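What follows is each chain in one-letter form.
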Amino acid sequence: VFTESQSFIGVNYGQVADNLPPPSETVSLLQSTTISKFRLYGADPAVIQSLAGTNISLVLGVSNSDIASLASDPVAASNWVAANVLPYAPASSISVVSVGNEALNSGDSSLASNLLPAMQNLRSALSASAAASGVKVSTVHTMAVLSQSDPPSSGAFHPDITADLTGILGFLRDTGSPFMINPYPFFAYRSDPRPETLAFCLFQPNSGRLDAGSKLTYTNMFDAQVDAVRSALDALGFPEVEIVVAETGWPYQGDPDEVGASVDNAKAFNGNLVAHLRSLVGTPLMPGRSVDTYIFALYDEDLKPGPASERSFGLYRADQTMNYDAGLAKSTSSSSPITAPASTSTDAGPPPAGVTGLTQPAGWCESGATLQGSADGRPTQAGAQCYIPNAVRSRTALGACRLLLYVTLALLLT
C-alpha cells in the first residue's frame, strides 16, 4: 500500500479548457494521490499560490512567444522572475522553469537561436534571489530531436539542431538542470497496430527485444525511447545530464480511425507505467532508479483542437472523478501488470512501406507543412513529434509525421 507521495511521479496540468475545478480542489485531489510533481504550461498565479506549503514541486512554463524578449533583455528576464517566482518562493516549491515548449522543433529558427540566451538570462535572474537560486532552468523537447533511435544504443540527435542543442546541453550540465523530453508509446502503437506491439507499448508480458549494439533486452517501449535519448546525450558528450520525462500518456478515447485509443489501453499504459516507476528497476541503460516522469495529463481539456484523442488524455474528469484507475491513489497497492483486452479500434492498416527496424526513413516529413498551435498561441501540449527544419507545421502534417517518427521505434528487427 502506498501512503506517501513518490518523488518520481508527476502530472501535467493543461488549461485549454473552460470547466476546470478551482485550484484548491485540484490541490486536494493531488494530495489524495502519490503524485509529487506538477507541471504547468504557464505560470498561473492562483495555481502556484494554491500549492504553497504542500511540498508538491512545480514546473513553470515560459511561452514560446516570450523567448525572444527574454533572450534580448536581461531586465525582461528579471521582471518575469519577479512576477512569477519571487512572490511564491519558497512557500510554493518551484523546481524548474521550462523555457518554451518544443521550441527546437517549432519550425521557427529564431526560437532555436534565442532559446539558450533566454535560458541564461532567466537563470541569472533566479540566481540573484536567495529564495529562487535553487530553481533550475530547462526546456522541453519532442522525440523528433532524435534522428536515430534503433537500436536504443545508437540514439543520436538530428544534425540540423546539434549546434543549438550542444549549447543548451552545456548549460544544463553546468547548472545541474535536466534534459526534458516527451516520449509517447501511444504513437508507436498507432503506427504499427499489431498485438505484439501493443503488449510492448503497454508494459505487458512479451518476449522482449534485443538491442544488438548493447546486448540489452527491452521489454517495453517507454524504456527503449528513454534509453535512445540517454544514448544520444552520451554520444554528444553529456553523460552527466539527467533525463526527465516531461510528458507521456495514453488517450482513453479517440476518433474511429485512432487505433489504440481506449479506456482499457489507457488504464494499462498509465497503470503499468506507475508500477514500473515504483519498482525502481529503471531502464536497461539506467538500472536501479526511476526517471522522473510527468504523466499527460491530470484533466481532460475540452477546448483543445484536433482529433478526439487530444481531449481525452486526462486521468480525471473536470468533476474530479477518475476516467479510469491508474493506481495513483495513496491507498492503491502495487499489482501485476494490467492487461488490456484486444483492441476493437479501427485497423490502421500496415505500417508504411520501406521502413525497417527502428531507423528513421529518409525524407520522413514533407516540407511546406504548418503547425496549428492552441488558441493562445502556445503549442498544443501533446506535442509535435515531427522534425521539419525549414517549415512551420500543421496538425494534419503533425499527425502523419508523428506516426512516421514512431514507426521507427515500433518496428524492431526480428
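It should be emphasised that the depicted structure is a prediction, and the values quoted were computed from it without experimental measurement.

Peer 1: Could you clarify how one ought to interpret unusual backbone geometry in this entry?
Peer 2: Outside of glycine, negative phi angles account for most residues, and trans bonds account for most peptide bonds. A cis amide bond links A89 with the next residue in sequence, P90, at an omega value of 5°. Within the secondary structure, P90 is located in the loop between α4 (74-84) and β4 (94-101). That bond from F296 to A297 is cis: its omega, 10°, falls within 30 degrees of zero. Here A297 lies in the loop between β12 (293-295) and α11 (395-410). Positioned with a positive phi, E102 is a non-glycine residue whose angle comes to about 60°.

Peer 1: Sorry, what's going on with the confidence of the model for the chain here?
Peer 2: Of the residues in the chain, 80% reach a pLDDT of 70 or more, and the chain-wide mean stands at 84. Taken together, the stretch residues 343-414 has pLDDT below 50 and engages in 191 contacts with residues farther than four places along the chain or on a different chain.

Peer 1: Just to check I follow, could you spell out the sheet that holds strand β8 (residues 179-182) for this structure?
Peer 2: In a beta sheet, neighbouring strands are held together by backbone hydrogen bonds and run either parallel or antiparallel to one another. If you trace the eight strands once around the closed barrel, you get β1-β2-β3-β4-β5-β8-β11-β12, paired in parallel fashion. Each neighbouring strand pair of the sheet contributes to a mean axis angle of 25°, computed without reference to strand direction. Of the pairings in the sheet, the one linking β8 to strand β11 (residues 243-248) comprises three bridges and is parallel in character. Each bridged residue has a counterpart across the sheet, and for I181 the counterpart in β11 is V245. With respect to the sheet, helix α5 (residues 109-127) is in contact with β3 (57-62), β4 and β5 (136-142), its orientation differing from that of β5 by roughly 150°.

Peer 1: When you look at the pattern of salt bridges in this model, what are you seeing that I'm missing?
Peer 2: On inspection of all chains with the given rule, the structure shows nine salt bridges. For E258, the salt bridge goes to R190, with nearest N and O atoms at 3.9 Å. Separated by 68 residues along the polypeptide, E258 in the loop between β11 and α10 (263-279) and R190 in helix α7 (residues 185-191) bring together distant segments of the chain. In terms of burial, E258 and R190 fall into one category: buried. Connected through salt bridges with shared partners, the residues D192, R194 and E196 form a single ionic network.

Peer 1: What's the story with the pairing of β3 in this structure? I'm lost.
Peer 2: Residues in a regular strand project their side chains so that they alternate between the two faces of the sheet. Most of β3 sits inside the fold, with six of its six residues counted as buried. Residues of β3 alternate between two faces, with S57, V59 and G61 on one and L58, L60 and V62 on the opposite face, all of them buried. The pairing of strand β2 (residues 35-40) with β3 spans three bridges and is classified as parallel. By the bridge assignment, K37 is partnered in β3 with S57. For the handedness criterion, the β-α-β arrangement of β2, helix α2 (residues 45-50) and β3 is classed as right-handed. Direction of pairing for β3 relative to β4: parallel, over a ladder of five bridges. Pairing of V62 across the sheet is with V99, part of β4.

Peer 1: Teacher, can you tell me more about the packing of aromatic side chains here?
Peer 2: Aromatic ring pairs are described here by two measures, namely the spacing of the ring centres and the angle between the planes. Using the criterion set out here, one finds 13 aromatic pairs in the structure. Chaining the aromatic ring pairs together yields one cluster made of Y184, F186, F187, Y189, F203, F222, W250, F269, F296 and F313. Here the guanidinium or amino end of R209 rests over the ring plane of F200, the centre of that ring lying 4.1 Å away.

Peer 1: Sorry, what's going on with the packing of α4 against α5 here?
Peer 2: Think of two packed helices as two axes; the pair is described by the angle between the axes and how far apart they sit. As a packed pair, α4 and α5 sit with axes 8 Å apart at the nearest point and diverge in direction by 55°. In terms of orientation, α4 and α5 fall into the oblique class. Between α4 and α5 lies a crossing whose hand is right-handed. Touching P74, A77, S78, W80 and V81 of α4 are N121, L122, A125 and L126, all from α5.

Quick notes on the rules
Residues numbered from 1 in each chain as written. Predicted model: local features only at pLDDT ≥ 70, side-chain atom pairs only at ≥ 80, totals over all residues. Heavy atoms only, no water. Helix = DSSP H or I, 4+ residues; strand = E, 2+ residues; numbered from the N terminus. pLDDT = per-residue confidence, 0-100. Contact = heavy atoms within 4.5 Å. Pairing = 2+ DSSP bridges. Axes fitted to C-alpha atoms, helices over the stretch in contact; angles between N-to-C directions. Salt bridge = Lys/Arg side-chain N within 4 Å of Asp/Glu carboxyl O. Buried < 20%, exposed > 50% of the residue type's maximum accessible area, 1.4 Å probe, protein only. Right-handed = clockwise from strand over helix to strand, strands pointing away. Phe/Tyr/Trp six-rings, centres within 6.5 Å; stacked < 30°, edge-to-face > 60°. Lys NZ or Arg CZ within 6 Å of the ring centre and 35° of its normal. Parallel < 35°, antiparallel > 145°, perpendicular 65-115°, else oblique. Left-handed = near helix turned anticlockwise from the far one by under 90°.

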